[in-house]
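Examining the three-dimensional arrangement
Chain by chain, the residues run as shown.
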Amino acid sequence: MNTSQLLETAKTLAIEAGKLILEMRGQGVSITDTKSSVNDIVTKADAVAEKLIASRIAATHPDDSILGEEGTSTKGKSEITWIIDPIDGTVNYLYNIPAYCVSIAACVKDANAFESGYRAVASAVYNPSTEELFYASENSGAFLNNEQIQLREPTPLNENLVATGFGYTQERRQEQLVLLTRVLPSVRDIRRIGSAAYDLCLLAAGRLDGYFEKGIKPWDWAAGALIATEAGALLLGIDEANAPGEKMFIAGHPQTASALQKLIAA
Ligand code: IPD
Ligand code: CA
């Protein structure tokens, strides 16, 4: 496994697909499908960008597997699985709110690290509207446009700005509402930015203190999780018996992540 090669591919493709979705945004957005609810949309750009990323990976890393939010699922014979989200923050994309990203992670199997069983070793998240390229490879630090980034210094929970997100079904949102009532009274404020990948990168860059969400999928967090970890974050699940993942995903400075976990599990 050549991690620097994987990182180069992730960075190059995130920028290429990012420029493509931004250009397509300029021509308007066409909704082609919905998933878990009427608000869980798929746009033409989602499909076109995922196809572009998958075809480039297939050409340059033909032995690797690929798992994409919009349905790509190919099985290769190497140890690497690429987990990709062609547009994370699709609703922001629809409304032209500049907080949507391309998220690409080269992962290995690791049954203990995450509920999904995959851990990124190199990843990139690109926000084409702001031209921010966040990236990391394992044990090499996290970067934003070539500058190393780090978490903010930890502060007490009541001085923490914490991001979260909501799913698309009524049932999921009822559960998330309960969690919000536990967290909101105890923190500085809540941000619902609309892209889990971007939330994790903003945390990494010291623009948030913490992040939690119930229900996110591997493509939402695979790339951002490595970037946040390499910037100093601890990632937690709902309790010690559960790795971070769909059940619960908590991220922050170790002090912040533990405090959030206690609050959420209360
Ligand atoms: C969503 C975003 C959002 C999060 C949702 C995700 P999508 O992904 O990451 O911030 O709260 O849980 O589904 O639909 O924009 O690709
Ligand atoms: Ca997503």
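Criteria and cut-off values
Residues numbered from 1 in each chain as written. Chains lettered and ligands numbered in written order. Predicted model: local features only at pLDDT ≥ 70, side-chain atom pairs only at ≥ 80, totals over all residues. Heavy atoms only, no water. Helix = DSSP H or I, 4+ residues; strand = E, 2+ residues; numbered from the N terminus. Rg over C-alpha atoms; globule rule 2.2 N^0.38 Å. Buried < 20%, exposed > 50% of the residue type's maximum accessible area, 1.4 Å probe, protein only. Areas by Shrake-Rupley, 256 points an atom, 1.4 Å probe, with all protein chains shown as cover. Lys, Arg positive; Asp, Glu negative; His and termini not counted. Charge placed at Lys NZ, Arg CZ, Asp CG, Glu CD. Axes fitted to C-alpha atoms, helices over the stretch in contact; angles between N-to-C directions. Parallel < 35°, antiparallel > 145°, perpendicular 65-115°, else oblique. Left-handed = near helix turned anticlockwise from the far one by under 90°. Contact = heavy atoms within 4.5 Å. Nonpolar A, V, L, I, M, F, W, Y, C, P; charged D, E, K, R; others polar. Near = heavy atom within 4 Å. Polar contact = N/O pair within 3.5 Å; in protein donor to acceptor, adjacent residues only side chain to side chain. Pairing = 2+ DSSP bridges.

Re the overall build of the protein chain
Within the protein chain one finds seven helices and 15 strands. At 17 Å, the protein chain has a C-alpha radius of gyration in line with the 18 Å of a compact globule built from 266 residues. A principal-axis box enclosing the C-alpha atoms of the protein chain has dimensions of 50 × 40 × 30 Å. The proportion of buried residues among the 266 residues of the protein chain is 53%. Surface exposure of the protein chain reaches about 11,600 Å², of which carbon and sulfur atoms provide 50%. The positive charge centre, built from 23 side chains, and the negative charge centre, built from 33, are 2 Å apart in the protein chain.

Focus on the packing of helix α4 (residues 170-183) against helix α7 (residues 254-265)
Interhelical geometry of α4 versus α7 gives an angle of 120° and a closest axis separation of 8 Å. On the basis of the axis angle, α4 is oblique to α7. When you trace α4 past α7, the crossing you get is right-handed. Side by side, α4 and α7 meet where L179, R182 and V183 of the first sit next to L260, L263, I264 and A265 of the second. Residues belonging to the contact of α4 with α7 are distributed by class as follows: six nonpolar, no polar and one charged.

What to know about unusual backbone geometry
If you check the backbone angles, N96 has positive phi at about 60° while not being a glycine. Within the fold, N96 resides in the loop between α3 (90-95) and β6 (101-109). Although it is not a glycine, N139 sits at a positive phi angle of roughly 65°.

A closer look at the site of ligand 1
Surrounding ligand 1, one finds 16 residues, the nearest of these being D88, G89, T90, Y168 and E213. One nitrogen or oxygen atom from the main chain of I87 is found 3.2 Å from an oxygen atom belonging to ligand 1. With respect to ligand 1, the side chain of R192 contributes an N or O atom lying 3.0 Å from an oxygen atom. Within the complex, 95% of the 380 Å² of free accessible area of ligand 1 lies under protein. Sort the elements by how many residues they give to the shell around ligand 1 and strand β5 (residues 81-88) lands first, with three residues.

Points about the sheet that holds strand β13 (residues 210-213)
Here we have five strands laid out as an open sheet, ordered β12-β11-β13-β15-β14, and mixed in their pairing. Single-partner strands in this sheet number two, and they are β12 (189-191) and β14 (234-236). Adjacent strand axes in the sheet meet at a mean angle of 20°, parallel and antiparallel pairs treated alike. Two strands pair when backbone bridges link them, and strand β11 (residues 161-164) and β12 are joined in this way by three bridges, in the parallel orientation. Paired with L161 across the bridge in β12 is D189. Each of β11, β13 and β15 (249-252) touches helix α5 (residues 196-204); the most contacted strand, β13, lies at about 155° to it.

In short, shape yes, function no, at least from these values alone.
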